[in-house]
Amino acid sequence: MTFSCPACKGKSPRIDRVFANYGMGDPRNGPEEREFICAVCDGKGNATDEDSLRVQIGRAHKIERISRGETLYECAQRYGWSSVEVCAMEMGKRGAKVPPTEAMDGGTKE
Ligand SMILES: [Zn+2]
């Protein structure tokens, strides 16, 4: 079953206006349009049950982590992951690592 992606609400890829910074004094610095491709659905705009579950677990993890006052960095240290990996997991990106089961006690345990 597929449905609208929970992360981008089916609006991926989309064009966003950002302020580009290529480094101090670079003439390309300034407003620029960039295409963003959703990392959950890979820009397809729809998601599978698995994508949806991953996003739910990531959100629950983030809420639980923040409620304990733990930073992304501290959590990464505890898991032996990089901060980028923890961030990707909390965003529910495809290919992200799965949090250790003992980490989910306050969250989505069945
Ligand atoms: Zn998406």
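Residues numbered from 1 in each chain as written. Predicted model: local features only at pLDDT ≥ 70, side-chain atom pairs only at ≥ 80, totals over all residues.

Q: Before we go on, may I ask you to explain the overall build of the protein chain in this structure?
A: Within the protein chain, the regular secondary structure consists of three helices and four strands. Taken against the 2.2 N^0.38 rule, which gives 13 Å for 110 residues, the C-alpha radius of gyration of the protein chain at 17 Å runs more than 25% over that of a compact globule. Overall, the C-alpha framework of the protein chain stretches about 50 × 35 × 20 Å when taken along its three principal axes. Every one of the 110 residues in the protein chain was classed for burial, and the buried ones make up 20%. (Helix = DSSP H or I, 4+ residues; strand = E, 2+ residues; numbered from the N terminus. Rg over C-alpha atoms; globule rule 2.2 N^0.38 Å. Buried ≥ 20, exposed ≤ 12 C-beta atoms within 10 Å, placed from the backbone.)

Q: Teacher, can you tell me more about helix H1 (residues 49-67) here?
A: Since one α-helical turn is 3.6 residues long, residues separated by three or four positions face the same way. Along its 19 residues, H1 runs 27 Å from first to last C-alpha, staying within 8% of the 27 Å computed at 1.5 Å per residue. Where H1 is concerned, the buried positions are Asp51, Arg54, Val55, Gly58, His61 and Arg65. In a view along the axis of H1, the buried residues occupy a sector of 130 degrees, so they form one face of it. What points out from H1, more than 90 degrees from its buried face, is the exposed set Asp49 and Ser67. Packing partners of the buried residues in H1 comprise strand E4 (46-48), helix H2 (72-79) and helix H3 (83-91). A positive phi of about 75 degrees marks Gly69, the residue just after H1. (Expected span 1.5 Å × (residues − 1). Arc of directions from axis to C-beta. Contact = placed C-beta atoms within 7 Å.)

Q: How should I be thinking about the environment of Ile37 in this particular structure?
A: Checked against the element boundaries, Ile37 lands in the loop between strand E3 (30-36) and E4. For the pair Ile37 and Lys62, spaced 25 residues apart in the sequence, the C-alpha separation amounts to 22 Å. The contact partners of Ile37, leaving out residues within four places of it in the chain, are Ser12, Pro13, Asp42 and Gly43.

Q: Where do I start with the packing of H1 against H3 in this structure?
A: Packed helix pairs are characterised by how far apart their axes lie and by the angle those axes make with each other. Closest axis-to-axis distance for the H1/H3 pair is 6 Å, and the angle between their directions is 120 degrees. Judged on the interaxial angle alone, H3 and H1 are oblique. Taken together, the residues of H3 that come into contact with H1 (itself represented by Gly58, His61 and Lys62) are Met89, Glu90 and Met91. Its residues assigned to classes, the contact of H1 with H3 comprises two nonpolar, two polar and two charged. (Axes fitted to C-alpha atoms, helices over the stretch in contact; angles between N-to-C directions. Parallel < 35°, antiparallel > 145°, perpendicular 65-115°, else oblique. Nonpolar A, V, L, I, M, F, W, Y, C, P; charged D, E, K, R; others polar.)

Q: How do you make sense of the pairing of E3 when you look at a structure like this?
A: Each regular strand displays side chains that alternate between the two surfaces of the sheet. Burial runs low along E3: only zero of the seven residues are buried. Where strand E2 (residues 14-20) and E3 come together, seven bridges link them in antiparallel fashion. From the neighbouring strand, Asp16 faces E3, where its bridge partner is Arg34. (Pairing = 2+ DSSP bridges.)

Q: I keep staring at the confidence of the model for the protein chain and nothing clicks. Help me out?
A: The predicted coordinates of low-pLDDT regions are not to be read in fine detail. Of all residues in the protein chain, 91% attain a pLDDT of 70 or more, and the chain-wide mean is 88. Across the protein chain, element-level confidence peaks in H2 with a mean pLDDT of 97 and bottoms out in strand E1 (residues 2-4) with 81. In the model, residues 106-110 has pLDDT below 50 throughout and makes eight contacts with residues more than four positions away in sequence or in other chains. (pLDDT = per-residue confidence, 0-100.)

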